[in-house]
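Architecture and fold: a report
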Amino acid sequence: MTEHQTVQTLNQFIIHRQTQHEGARGELSRLLHHVGIAAKIVNRAVNKAGLMDILGNYGDKNVQGEDQQKLDVFADIHFIDALKASGECAAIASEENENIITFDDEMSKNAKYVFCMDPLDGSSNIDVNVSIGTIFSIYKRISPRGEEATIEDFLQEGTKQVAAGYIIYGSSTMLVYTTGNGVNGFTLDPSIGEFCLSHPNIKTPEKGKIYSINEGNYINFPTGVKKYIKYCQEKDVDTGRPYTSRYIGSLVADFHRNLLKGGIFIYPETNKNPTGKLRLLYECNPIAFIAEQAGAQATDGHNRILEIKPTELHQRVPFYTGSNKMIKRAEEFLDFFESEE
Ligand code: AHG
Ligand code: MN
Ligand code: MN
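As a starting point, this report considers the structure included with it. Since the model is a prediction, treat every value here as computed from it, not as a measurement. Along each chain, residues carry numbers from 1 onward, in the same order as the chain's sequence is written. Lettering of chains starts at A and numbering of ligands starts at 1, both following the order in which they are written. Totals for whole chains, interfaces and linings use every residue, but because this is a predicted model, local features are given only for residues with pLDDT of at least 70 and side-chain atom pairs only at 80 or more, for both listing and counting. Hydrogens and waters are ignored; side-chain quantities use all the structure's heavy atoms.

1. Points about the site of ligand 1
Only heavy atoms are used to decide nearness, and a residue is near a molecule or strand if one of them lies within 4 Å of it. Taken together, 18 residues are adjacent to ligand 1, and Asp121, Ser123, Asn214, Tyr247 and Tyr267 come closest. Between ligand 1 and Tyr267 there is a distance of 2.6 Å, counted from an oxygen atom to a side-chain nitrogen or oxygen. The definition of a polar contact used here is a pair of N or O atoms within 3.5 Å, where within protein one atom must be able to donate a hydrogen and the other to accept one, and adjacent residues in sequence count solely through side-chain atom pairs. A distance of 3.3 Å separates an oxygen atom of ligand 1 from a polar atom in the side chain of Arg279. Note on definitions: the grid is 1 Å and covers protein atoms alone; a cavity is a set of points where a 1.4 Å probe fits but cannot get out; a pocket is an open set with protein on both sides within 12 Å along at least five of seven lines; lining residues have an atom within 4 Å of a point. Whether a molecule lies in a cavity or pocket depends on its atoms, and more than half of them have to be within 2 Å of the grid points. Given that more than half its atoms are within 2 Å of the pocket grid, ligand 1 belongs to the largest pocket. Strands here mean DSSP runs of E at least two residues long; helices mean DSSP runs of H or I at least four residues long; both are numbered from the N terminus. If you list the elements that add at least two residues to the shell around ligand 1, you get β5 (113–121) and β13 (264–267).

2. What about the sheet that holds strand β9 (residues 183–189)?
Taken together, eight strands build an open sheet; the order of strands is β4-β3-β5-β6-β7-β8-β9-β10 and the sheet is mixed. A single partner strand is all that each edge strand has here, and the edge strands are β4 (101–102) and β10 (194–199). In terms of strand pairing, strand β7 (residues 161–169) meets strand β8 (residues 173–178) through six bridges, oriented antiparallel. Bridge pairing in β8 links Ala164 to Thr178. Between two residues, a contact is recorded if the distance between any of their heavy atoms is within 4.5 Å. Between the N-to-C directions of two axes lies an angle of 0 to 180 degrees, each axis being a line fitted to C-alpha atoms and, for a helix, fitted only over the stretch in contact. Helix α2 (residues 27–47) contacts β3 (89–94), β5, β6 (132–140), β7, β8, β9 and β10 of the sheet and is inclined by roughly 15° relative to β7. The sheet strands contacting helix α3 (residues 70–86) are β3, β4, β5, β6 and β7, and the helix crosses β5 at an angle near 155°. For two strands to pair, DSSP has to find at least two bridges joining them.

3. Some remarks on the layout of surface pockets
Grid points are joined across faces, edges and corners, and a volume is the space filled by probe spheres set on the points. Considered as a void within the structure, the largest pocket measures approximately 500 Å³ in volume. Considering the residues around the largest pocket, the lining is formed by 29 residues, among which Glu66, Ser124, Gly249, Lys277 and Arg279 are closest to the centre. Residue assignment for the lining of the largest pocket shows that the elements contributing at least two residues are β2 (67–69), β5, α6 (251–261) and β13. It is β5 that contributes the most residues to the lining of the largest pocket, three residues altogether. Grouping the amino acids of the lining of the largest pocket by side-chain chemistry returns six nonpolar, twelve polar and eleven charged. Per-domain counts for the lining of the largest pocket show at least three residues from each of domain 1 (10–199) and domain 2 (210–340). Together, 17 residues line the second largest pocket, and Val46, Ala49, Ile126, Asn129 and Val130 are the ones closest to its centre. The class makeup of the residues in the lining of the second largest pocket is nine nonpolar, six polar and two charged. Polar here means any residue other than Ala, Val, Leu, Ile, Met, Phe, Trp, Tyr, Cys and Pro, which are nonpolar, and Asp, Glu, Lys and Arg, which are charged; Gly is therefore polar. Boundaries of every domain are those given by an automatic assignment or by a domain database.

Shown next, in the form of structure tokens:
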């Protein structure tokens, strides 16, 4: 960045956008502003993790029976606090909590929005200094304002999201979000403590050269996925194969790379986990909203993720997301081998 280049901060951008697209009341802007604050608090902890006694196991399990890391719990608490402080959030669904968290102060009870989150994505990478993230999704509640929010507020199709985004704590920290008018990315400038617009109007290339899947699970994949992986590894000049394999093990980081460079990310159903591993409400839906807004796709192998009607808070789905042409090809493999079985 040159010395005289104008910087647009996240807050300036949100306010500007809001007057263009979202009416004048500022509720969503305030909510997003507080997401930015929580992101900075978590970022500070992530950056100092090795020095802060914040690495390692918390000593408890979350609702899905997974070991909670200290940073999972730290991020969860700080996002909940910031959202409560915003007064614009009536309730939260979090990976780390079995039930929804409702707020009973007057302002929050009257709030228009509910918030779904994976406060810390990529837990297995926390202790080893590899990129991790936070994923979030915002809905308008359907329960009456002034009353306690209900689980039904969260069991809405992804098409109803009013905003979704993620923070990636990587070699730099970025916040990427959409409100349905394209995708924009902001890089945290630590010297001024602000997220600054660095990636306006992100678009994913129609085709890419990266495939991302945990190949250690190969033996348990559906035949279509196995065959698609072999297809990715074959030589073909026209399609630029063999593709490159990249898999970090943090959804946010794997998705972010493919969003910018083009590629395909797959976390399929397996013999062990017939509904896949990733969670619909706070992993797949927000990522799918961003993918579509960037011109890419997100499906469960057959159906658009955003059209799935959730039945449970912590529901899992098979997840296929990435460049249009690559998703189309992968789905052809699934369809063909399913029809054979
Ligand atoms: P979380 O840390 O929030 O539980 O999410 C971990 C998820 C996701 O980030 C990643 O894509 C996937 O788990 C990796 O799973 P595998 O280790 O099975 O590949
Ligand atoms: Mn996750
Ligand atoms: Mn998590």
